[in-house]
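Below are the chains, spelled out letter by letter.
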Amino acid sequence: MLINNAGANPLSSSLLDITEAEIQQNMETNFFGPVLLARAFAPILAAAPNPVLVDVHSVASWYAFGGVYSASKAALWSATNSFRLELAPQGVHVAGVHMGYVDTAMAAHAGGPKMTPADLVQAVYTAVEAGAYAVITDATQRVADSLMASRTLSREVRDAISYMANSARCRETVVESIDIDDKTGILVASVRPTGSMRNRCGICRRRCPKYDQGKGRRRWRAPDAGAIRIELEADAPRVACRVHRVTVAAVPWARHQAGRPIFSTRRPPGWPRKRPRPPSRS
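These numbers were taken from a predicted model, which means no experiment stands behind them. Think of each chain on its own: its residues are numbered from 1, step by step along the sequence as written. In keeping with the predicted nature of the model, local features appear solely for residues at pLDDT of at least 70, side-chain atom pairs appear and are counted solely at 80 or more, and the whole-chain, interface and lining totals rest on all residues. To get the side-chain values, take all heavy atoms of the structure and skip hydrogens and water.

1. Comments concerning a nonpolar patch on the surface
Applied cut-off: Like-charged residues within 9 Å of one another, or nonpolar side chains (Val, Leu, Ile, Met, Phe, Trp, Tyr) within 5 Å, are grouped into patches, provided each residue has over 30% relative accessible area and no salt bridge. Per-residue and other accessible areas were derived by the Shrake-Rupley procedure at a 1.4 Å probe size, with only the shown protein chains allowed to occlude residues. We define a salt bridge as a side-chain nitrogen of Lys or Arg found within 4 Å of a carboxyl oxygen belonging to Asp or Glu. Counting from the N terminus, the helices are the DSSP runs of H or I reaching at least four residues and the strands are the DSSP runs of E reaching at least two.
The grouping of M1, I3, V121 and Y125 at the surface amounts to a nonpolar patch, some 370 Å² of accessible area in total. Position of I3 relative to the elements: it lies in strand β1 (residues 2-4).

Given below as structure tokens:
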């Protein structure tokens, strides 16, 4: 296991106030250092049993509150996602750690609750053992909630959420809230159908009287935002259709008995286009 944990934050993190040399120095520590280490150890990891690469980011990689520190951590987050794709064929598991304040000398100036280093280490090992790509701590959850409220999440995540809500086949969907599962790192969007789509048969889409709550809430897999897995969560009540009898109510984001949402043919932002097939040789 290779853990890239080195980090530095200048006293003044503003990109406008610090010198060019200070910007380069911070990028050397927070970005180039982990990237060069990952490149150097890639052959060793590929040859090892159950290899793991862990890059320690920060909630600062999601939004720009920390000037050069946020910029360097965002760059490292992007590099981690690239390493995950490039090292996957060699069986290397690549995970990124997004945490708030940790009780170390670097965060001595910060107020509020801080996570102990031991708890963070335990969270990292637990997430890696579970096969998670992102380590999200309790402190990160609180920060993420405030970010959602202020709409300052990364453009990648906001674009994916906006796509889900505004897709041609999901315009009858209301996004009520968005949370991050701190155990799995999954971004969960709590949704519901609009009034015109409620209590309709999942097969014929006729309006029907509600029968019961069914099996409660369930989830549907949605398009990922980079390395962040996104799922839709909603109630799954049953209705009494006069043609199809008791069946699960229809939802605008999925077909009946499908395990994933349906979307328009328009690709979400950042998704690569399909490569054209080469002409067949006669």
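Moving on, there is more to tell.
2. Considerations on the sheet that holds strand β11 (residues 245-248)
Rules: A pair of strands is labelled paired if DSSP reports no fewer than 2 bridges between them. A fitted line through C-alpha atoms serves as each axis, taken over the contacting stretch for helices, and the angle formed by two N-to-C directions is quoted from 0 to 180°.
The strand order across the open sheet built from three strands is β7-β10-β11, with neighbouring strands paired in antiparallel fashion. Here the strands that pair on one side only, and so sit at the sheet edges, are β7 (210-212) and β11. Each neighbouring strand pair of the sheet contributes to a mean axis angle of 40 degrees, computed without reference to strand direction. Summarising the sheet, strand β10 (residues 238-241) and β11 pair through four bridges and their orientation is antiparallel. Bridged to A240 within β11 is V246.

3. Quick word on the pairing of strand β2 (residues 52-56)
The following threshold applies: Burial status follows relative accessibility: with a 1.4 Å probe on protein chains alone, a residue under 20% of its type maximum counts as buried, one over 50% as exposed, and anything between as partly exposed.
Burial within β2 is extensive, with five of its five residues counted as buried. Along β2, one buried face is formed by V52, V54 and V56 and the opposite face, lined by L53 and D55, is buried too. One ladder, built from three bridges, connects β1 with β2; its direction is parallel. Each residue of the ladder has a partner; that of I3, found in β2, is V54. Bridging between β2 and strand β3 (residues 93-98) involves five bridges; their strand directions are parallel. Within β3, the residue paired with D55 across the bridge is G96.

4. As for the packing of aromatic side chains
The cut-off we apply is this: The pairing test for Phe, Tyr and Trp rings, Trp by its six-membered ring, is centres within 6.5 Å, and the orientation test on the planes gives stacked under 30 degrees, edge-to-face over 60, and tilted for anything in between.
Under the definition given, this model contains two aromatic pairs. Between F31 and F32, the ring centres sit 4.9 Å apart and the planes meet at 75 degrees, which makes this aromatic pair edge-to-face. Judged by its relative accessible area of 17%, F31 is buried.

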